[in-house]
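# Reading the structure
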Amino acid sequence: MKAVYTLQDLKHASTDPDNIFYREDKPARLAVLGDPIAHSKSPELHQPALDALALNCSYIRVHLTPEEFNEGVSLLQELGFIGCNCTVPHKERALAWTDQPSKFAQQLGVANTIHFADQTCYTTDPAGLESAVNEDLGLDFAGKNVLILGAGGGAGSAVAQHLLRKPLNHLFLYNRTPEKLDDLYQHIINLGDVDLTKLSLYGNDEYPNTQDIDLIINATSLGLREDQPSPFPESLLLSHHHVYDMTYGCKNALAQACEAKGAQYADGLSMLRHQGAEAFKLWFPGTDPLPMMGLK
Ligand code: ATR
């Protein structure tokens, strides 16, 4: 079995040396699609649960460029796949793949889970985030003041739209490029009962009072590597802050700043597990995969 399959592999599936697409014992029937994709831990997450539940299928990584995405998804469907997860940069493409997306995916403008038999797609990231924040930080959102870093990006805007439907007190939104936040802000300003503020973390005029913030969510792509700067100025970080970082994989600058300031920190591995479990339940209704999933 290869670590990463490509569009060419899907096109020539019948000549695959491992016969991963056609064999009887654990044929490939689920995949994660992205560009890049080699780093994805999704197979390690899903395969143990598939095996424990004797579902007789393999979960593989498929590298598809944006130009290859639609053809790749069609080939997976022809090969008899049950579904797939879509990660960066394909979440908008996953939504556009079908004209019957779930209502929630449609509202958020992104999808991360495709289900072929139902010809539909879903987004399980926000529910995954919510469970992860509960589990890792012991926090529920009711009455809380929450700051989203990177709210103008794909992940951040989905989280913002999800949290607006929760009984928060106040939602603060920050994005390095303010223009990228403006569209989202106009779109959501009248959607919920939650007070909404666009923050500037670095300008003197709007220097925020971070004393009031309970939870900071890092939805930027900063944090995947140790050598990247923190998405949040350390001088604004306080010991009562809870920080949920949607990135994972290294002890990044934000994790180090939280340790220095005594703030409670959790990385995105638990969100990966929870969003994965939600996707798994869509493909295999009635199962409870979380306790059997990998990456514990
Ligand atoms: P998208 O999710 O829209 O595809 P991305 O390039 O993956 O975009 O970036 C996700 C988020 O991380 C964005 O909010 C981005 O901020 P910009 O809108 O200003 O690009 C944020 N981000 C990426 N690199 C960053 C950095 N060096 N500093 C601050 N935020 C950064």
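Residues numbered from 1 in each chain as written. Predicted model: local features only at pLDDT ≥ 70, side-chain atom pairs only at ≥ 80, totals over all residues. Heavy atoms only, no water.

## Notes on the overall build of the chain
What the chain contains, in helices and strands, is 10 helices and 12 strands. By the compact-globule yardstick of 19 Å for 296 residues, the chain fits well, its C-alpha radius of gyration being 20 Å. Principal-axis analysis of the C-alpha atoms places the extent of the chain at approximately 65 × 35 × 35 Å. Residue burial in the chain is summarised as follows: out of 296 residues, 52% are buried. When contacts within the chain are restricted to residue pairs at least 6 apart in sequence, long-range pairs at least 24 apart make up 66% of them. For the chain, the accessible surface area stands at approximately 13,100 Å², while carbon and sulfur atoms represent 49% of it. Separation of charge centres in the chain, based on 22 positive and 37 negative side chains, amounts to 3 Å. (Helix = DSSP H or I, 4+ residues; strand = E, 2+ residues; numbered from the N terminus. Rg over C-alpha atoms; globule rule 2.2 N^0.38 Å. Buried < 20%, exposed > 50% of the residue type's maximum accessible area, 1.4 Å probe, protein only. Contact = heavy atoms within 4.5 Å. Areas by Shrake-Rupley, 256 points an atom, 1.4 Å probe, with all protein chains shown as cover. Lys, Arg positive; Asp, Glu negative; His and termini not counted. Charge placed at Lys NZ, Arg CZ, Asp CG, Glu CD.)

## Quick look at the side chain of Gln161
Relative to the helices and strands, Gln161 resides in helix 7 (residues 154-163). Residues in contact with Gln161, not counting those within four places in the same chain, are Gln107, Leu108, Leu184, His187 and Ile188.

## Here's the deal with the site of the ligand
All residues in the neighbourhood of the ligand are listed as Gly150, Gly153, Gly154, Asn175, Arg176, Thr177, Lys180, Thr220, Ser221 and Leu222. Here Asn175 contributes a side-chain N or O atom positioned 2.7 Å from an oxygen atom of the ligand. Separating an oxygen atom of the ligand from a backbone N or O atom of Ser221 is a distance of 3.2 Å. Contact with the protein chains covers 67% of the free accessible surface of the ligand, which is 620 Å². For the shell around the ligand, a count of residues per class yields one nonpolar, seven polar and two charged. (Near = heavy atom within 4 Å. Polar contact = N/O pair within 3.5 Å; in protein donor to acceptor, adjacent residues only side chain to side chain. Nonpolar A, V, L, I, M, F, W, Y, C, P; charged D, E, K, R; others polar.)

## Side note on the sheet that holds strand 1 (residues 5-6)
Spatial ordering of the open sheet is given by 1-3-2-4-5-6, a layout of six strands whose pairing is mixed. Across the chains shown, the open sheet's two edge strands, defined by having one partner strand only, are strand 1 and strand 6 (120-122). Sitting on the sheet, helix 3 (residues 69-78) is in contact with strand 2 (28-34), strand 4 (83-86) and strand 5 (113-115), with an inclination near 170 degrees to strand 2. Across the sheet, helix 10 (residues 269-283) is in contact with strand 2, strand 3 (58-63), strand 4, strand 5 and strand 6; its angle to strand 5 comes to roughly 5 degrees. (Pairing = 2+ DSSP bridges. Axes fitted to C-alpha atoms, helices over the stretch in contact; angles between N-to-C directions.)

## Re the sheet that holds strand 10 (residues 215-218)
Sheet strands pair by backbone hydrogen bonding; their relative direction is either parallel or antiparallel. In space, the six strands of this open sheet follow the order 9-8-7-10-11-12, with parallel pairing throughout. The two strands at the open ends of the sheet, each matched to only one other strand, are strand 9 (195-198) and strand 12 (264-266). Taking each pair of neighbouring strands and ignoring which way they run, the sheet shows an average axis angle of 15 degrees. By the bridge criterion, four bridges tie strand 10 to strand 11 (residues 242-245) in an arrangement that is parallel. Counted as the bridge partner of Ile217 is Tyr244 from strand 11. In the packing of helix 7 onto the sheet, the strands contacted are strand 7 (145-149), strand 8 (170-174) and strand 10, and the crossing angle to strand 7 comes to about 160 degrees.

## Brief notes about the state of the cysteines
As enumerated under the stated definition, the model contains zero disulfides in all. Here Cys84 is not cross-linked by a disulfide; its sulfur's nearest cysteine counterpart is in Cys86, at 4.4 Å. (Disulfide = S-S within 2.5 Å.)

## Topic: the packing of aromatic side chains
For any pair of aromatic rings, the description consists of the separation of the ring centres together with the inter-plane angle of the planes. Taken as a whole and assessed by the stated rule, the structure comprises five aromatic pairs. For the ring pair Trp97 and Phe116, a centre distance of 5.7 Å and an interplane angle of 80 degrees mean the geometry is edge-to-face. Here Trp97 is found in the loop between helix 4 (91-96) and helix 5 (103-108), whereas its partner Phe116 is found in the loop between strand 5 and strand 6, with 19 residues between them in sequence. For Phe116, a relative accessible area of 5% corresponds to the buried category. A cation over an aromatic ring shows up here: Lys198 above the ring of Tyr185, its NZ or CZ 4.6 Å from the ring centre. (Phe/Tyr/Trp six-rings, centres within 6.5 Å; stacked < 30°, edge-to-face > 60°. Lys NZ or Arg CZ within 6 Å of the ring centre and 35° of its normal.)

## Digging into the packing of helix 7 against helix 8 (residues 178-188)
Helices that pack against each other are described as a pair by the angle of their axes relative to one another and the distance between those axes. Taken N-terminus to C-terminus, the directions of helix 7 and helix 8 make an angle of 15 degrees; their axes are 11 Å apart at the nearest point. With respect to helix 8, the axis of helix 7 lies roughly parallel. The hand of the helix 7/helix 8 crossing is right-handed. Counted together, Ser157, Ala160 and Gln161 of helix 7 and Leu184, His187 and Ile188 of helix 8 form the full contact between these two elements. For the contact of helix 7 with helix 8, the per-class residue count stands at three nonpolar, three polar and no charged. (Parallel < 35°, antiparallel > 145°, perpendicular 65-115°, else oblique. Left-handed = near helix turned anticlockwise from the far one by under 90°.)

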